[in-house]
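# Examining the three-dimensional arrangement
Spelled out from the first residue to the last, the chains are:
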Amino acid sequence: MVLLGVWLCLQPSVGEAAAQQLEIEVPRGTQTIRSRTHEGRAYYRLSQIAQLLELTLVERGGLLEARGSRGVVQMTAGRPLVRYQQQYLLLSDPVWRRSSGEWYVPEDFLAKVAPLLLEAKFERIADRRYQLQSLVENRVQLQVVNYPDHVAIIFIPSRRAPIRVQELTGAIRVSFGDFRVVPSLPRTPLDPELVQRIRFDSEDLFGSFDIIKGGSYHSYREYDLSDPWRKVVGIYRAPITTSAPGAATVLQPTPRSVTELAFPPLGGDEIAKEFEPPPSGTAVTIDPGHGGENYGVRPSQELLEKNFTQKLAEEIVRQMKGNRIQLYTTRTRDINLSAQQRSSLANFNRSKAFVSLHFGGSHEESLRGPVVYVQEPIDEPLGSPRLVPWALGQQRYMTRSRRLAEILQQKLNALFGTDNSIVEAPLAVLAPVTAPAVLVEAGFLTNPRDQEILRSPDGMAEIGRAVVDSLQEFLR
Amino acid sequence: MTARLKIIVAVALVLVTLLIAFLYYRWEAEQRSNRSDLPALASLELEEQAAAETPLYQVNLYLYDPVSGKPGLGQLIQMSREIPGSESDELLGQQILNAVIRESPGILPPVARVLQVFLMEDGTAVVDLSRETAEQLSGGVTSELGILRALTRSLRENLPGVQRVRFLVDGEERHTLSGHVSLSQPFM
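Here we summarise the structure given alongside this text. (Residues numbered from 1 in each chain as written. Chains lettered and ligands numbered in written order. Predicted model: local features only at pLDDT ≥ 70, side-chain atom pairs only at ≥ 80, totals over all residues.)

The next point concerns unusual backbone geometry. Unlike most non-glycine residues, Glu 54 of chain A shows phi in positive territory, near 60°. Here Glu 54 of chain A shows up in the loop between helix H2 (46-53) and strand E4 (56-60). Looking at Glu 54 of chain A, the number of C-beta atoms within 10 Å reads 14, which means it is partly exposed. For Asp 170 of chain B, which is not glycine, the phi torsion reads 55° and is therefore positive. Secondary-structure assignment places Asp 170 of chain B in the segment after strand E5 (164-169). Here Asp 170 of chain B falls in the partly exposed class, since 18 other C-beta atoms lie within 10 Å of it. (Helix = DSSP H or I, 4+ residues; strand = E, 2+ residues; numbered from the N terminus. Buried ≥ 20, exposed ≤ 12 C-beta atoms within 10 Å, placed from the backbone.)

With that out of the way, let us pick up the interface of chain B and chain A. Across the boundary between the two partners, chain B contributes 46 residues, which contact 50 residues of chain A. If you tally residues by element for the side of chain B that touches chain A, the top one is helix H1 (residues 3-37) of chain B, at 13 residues. Taken together, the residues of the side of chain B that touches chain A sort by class into 19 nonpolar, 20 polar and seven charged. (Contact = placed C-beta atoms within 7 Å. Nonpolar A, V, L, I, M, F, W, Y, C, P; charged D, E, K, R; others polar.)

Now for helix H8 (residues 339-348) of chain A. What H8 of chain A keeps buried is the set Ala 339, Arg 342, Ser 343, Ser 344, Leu 345 and Ala 346 of chain A. Within two residues after H8 of chain A, Arg 350 of chain A carries a phi angle of roughly 50°, on the positive side.

All names here are of chain A. What helix H10 (residues 448-455) keeps buried is the set Asp 450, Gln 451, Ile 453 and Leu 454. In a view along the axis of H10, the buried residues occupy a sector of 165°, so they form one face of it. Along H10, the residues that are exposed and aim more than 90 degrees away from the buried face are Pro 448 and Glu 452. In the core, the buried residues of H10 are packed alongside helix H7 (305-320), helix H9 (398-416), strand E27 (437-444) and helix H11 (457-475). (Arc of directions from axis to C-beta.)

Residue and element names in this part refer to chain A. The strand order E17-E13-E14-E21-E20 describes an open sheet built from five strands, whose pairing is mixed. Both edges of this open sheet fall to strand E17 (179-184) and strand E20 (217-225), since each of them pairs with a single strand only. Taken pair by pair, the neighbouring strands of this sheet meet at an average axis angle of 25°, ignoring direction. As judged from the eight bridges shared by E20 and strand E21 (residues 230-237), these two strands associate in the antiparallel manner. Across the sheet, residue Leu 225 finds its bridge partner in E21, namely Arg 230. (Pairing = 2+ DSSP bridges. Axes fitted to C-alpha atoms, helices over the stretch in contact; angles between N-to-C directions.)

Before going further, it helps to examine the packing of H7 of chain A against H11 of chain A. All names here are of chain A. Axis separation between H7 and H11 bottoms out at 9 Å; the angle between their running directions is 60°. By the criterion of interaxial angle, the relationship of H7 to H11 is oblique. When you trace H7 past H11, the crossing you get is right-handed. Residues Lys 311, Leu 312, Glu 315, Ile 316, Gln 319 and Met 320 of H7 form the contact with H11, whose participating residues are Met 460, Ala 461, Ile 463, Gly 464, Arg 465, Val 467 and Val 468. Looking at the contact of H7 with H11 residue by residue, the classes come out as eight nonpolar, two polar and three charged. (Parallel < 35°, antiparallel > 145°, perpendicular 65-115°, else oblique. Left-handed = near helix turned anticlockwise from the far one by under 90°.)

All names here are of chain A. Where H9 meets H11, the axes come as close as 9 Å, and the angle between the chain directions of the two elements is 150°. Comparing their axes, H11 and H9 come out roughly antiparallel. Considering only the axes of H9 and H11, their crossing is right-handed. Residues Arg 403, Leu 404, Ile 407, Leu 408, Lys 411, Leu 412 and Leu 415 of H9 lie in contact with H11, whose contacting residues are Glu 462, Ile 463, Ala 466, Val 467, Asp 469, Ser 470, Glu 473 and Phe 474. Across the contact of H9 with H11, the residue classes tally to nine nonpolar, one polar and five charged.

Residues and elements named next belong to chain B. If you walk across this open sheet you meet the three strands as E3-E4-E5, and the pairing is mixed. A single partner strand is all that each edge strand has here, and the edge strands are strand E3 (114-119) and E5. Strand-to-strand twist in this sheet, taken as the mean axis angle between neighbours without regard to direction, amounts to 20°. Packing against the sheet, helix H3 (residues 89-102) makes contact with E3 and strand E4 (124-129), and its axis sits at approximately 140° to E3. Strands E4 and E5 of the sheet are contacted by helix H5 (residues 141-158), whose axis makes an angle of about 130° with E5.

See the structure below:
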């Protein structure tokens with residue numbers, strides 16, 4: 001009886017999974033870690049993983065710190081969240097600390113957390129099989145050639161590697177895969193109007209270059225050259241155009257990095273002067289919603305909301321010509337801006353009105369027509385009239401925003417033949433705007449009748465006309 | 001039986017008794033620590049396990065119905081459903097919200113998931129939505145707002161201590177869920 005009791009205590013409980021094992025290939029051979037089952041799931045002993053990957057484990061109170069050659073993470077028992085720098089990584093199961101004091105982690109610790117700790121490439125190569133590889137160096141030499149209309153930045157790597165060039169809000173990022181980059185930055189001075197500087201970002205395991213855009217940046221082009229193989233990134237300034245006499249004042253934000261415009265720096269007379277807001281007049285900011293990798297409503301590959309919002313903004317700009325209203329748009333190209341950047345521009349421009357352009361979408365095809373949204377009141381005291389919290393900027397303008405929304409809703413309803421009403425919603429792009437502000441969904445991209453209007457040039461022109469007329473009536 | 005044999009048997013019995021007591025103590029401690037881990041567990045496996053093992057519990061789900069009002073003014077409709085009960089309110093909340101998601105096909109993508117629900121002492125519930133929920137949410141302002149209100153109402157109605165709901169995406173605070181509706185303030 002006694003022996004039976006001992007035997008029962010030692011047996012795993014009913015329903016527990018069979019033990020699994022992980023294989024980790026390290027430079028000195030393949031090592032195996034066996035799992036221990038807890039709550040029906042497989043866990044792996046952290047001290048064994050740490051020994052293989054040369055991590056240091058330090059336990060303080062209920063907190064365990066795992067330190068590698070490149071980074072540190074912290075975790076607590078019973079929580080699936082692992083803290084890394086300022087963010088939390090979510091594991092599939094909570095970290096488990098046995099009563100004996102041993103720490104155990106689920107398998108995805110190896111895939112999600114371990115690569116962040118190591119100065120080497122650590123990846124999953126098959127089911128429950130991982131590989132640790134030291135990284136090969138790639139010496140990348142940069143050369144710069146300044147031309148009248150562009151700057152050519154030439155990347156000459158010692159090893160040919162897949163190179164990814166992507167546009168960010170304030171920079172062009174050039175990243176090299178599979179190798180650790182050892183940079184050799186250029187000595188030739190850069191044209192500061194086009195490129196402020198080239199920064200090497202070593203936070204990523206492989207390393208990447210950020211070409212920080214200058215005030216006259218317009219676009220970039222990338223191409224390859226051979227013998228020796230090299231990648232060229234051309235940074236171009238805007239083509240010079242002459243405007244017809246008597247043309248309307250249509251101002252657009254200088255492409256001097258939207259981020260910087262959105263958050264003007266404080267202090268320093270010279271810098272402050274450069275970022276001085278425009279003189280107060282009748283300024284209106286139009287915000288074409290979405291952009292870049294943020295498509296918005298997408299009923300098909302051809303119908304992307306971001307393209308329709310940009311088209312409508314262009315239509316409004318065209319129809320505003322000859323008008324005394326100074327018109328600003330938050331974006332003129334296919335880039336994604338955060339809601340904060342969009343509302344920052346409205347405030348920086350001292351706008352008298354802000355209109356964020358969108359189109360609706362629903363799996364219910366029957367929904368149609370325009371809907372104008374205004375900010376929902378936030379139940380928080382405003383405090384000092386001189387110091388309004390960012391998220392409460394719209395509070396004082398709600399009545400006037402509603403007035404603008406009513407005019408827009410009425411004109412757009414007449415165009416679409418609908419009787420939709422304005423709607424209150426907590427909208428990130430409207431909440432901080434210190435001016436009458438609305439968000440317009442000018443028809444549903446998912447409704448066939450609305451699509452007909454939106455896809456025809458006349459339809460888009462008429463919507464643009466309704467917005468322009470509404471603004472003029474509101475600002476009169 | 002000699003006196004010496006009696007002593008050996010007695011010592012052996014004492015040792016076996018001590019061993020049993022020690023093993024029982026360890027087993028009991030492990031069970032206790034497992035029980036205290038329960039509220040924090042986020043895995044779907046646990047949810048499924050709960051579904052198989054526990055009795056059903058009737059809840060009122062609130063679902064967003066886009067066609068019950070004018071465009072932009074979709075209403076919430078109430079629906080009774082039976083879901084597995086749970087000792088933990090946080091796990092129950094997660095099951096309720098995942099049931100709302102399951103009952104909202106078309107509005108939310110099939111991969112949408114509530115990863116975790118935390119209940120704070122001040123009446124705030126923190127709901128951690130999966131990254132796919134935000135990335136693959138189709139529709140405009142109305143759908144985004146509709147689903148957030150449906151999740152909020154379903155949690156408030158079924159867990160009496162919940163007064164407001166804050167949303168995270170993949171464990172992180174975000175300005176918006178899918179580009180429109182602000183997540184910086186809690187939903188009531």
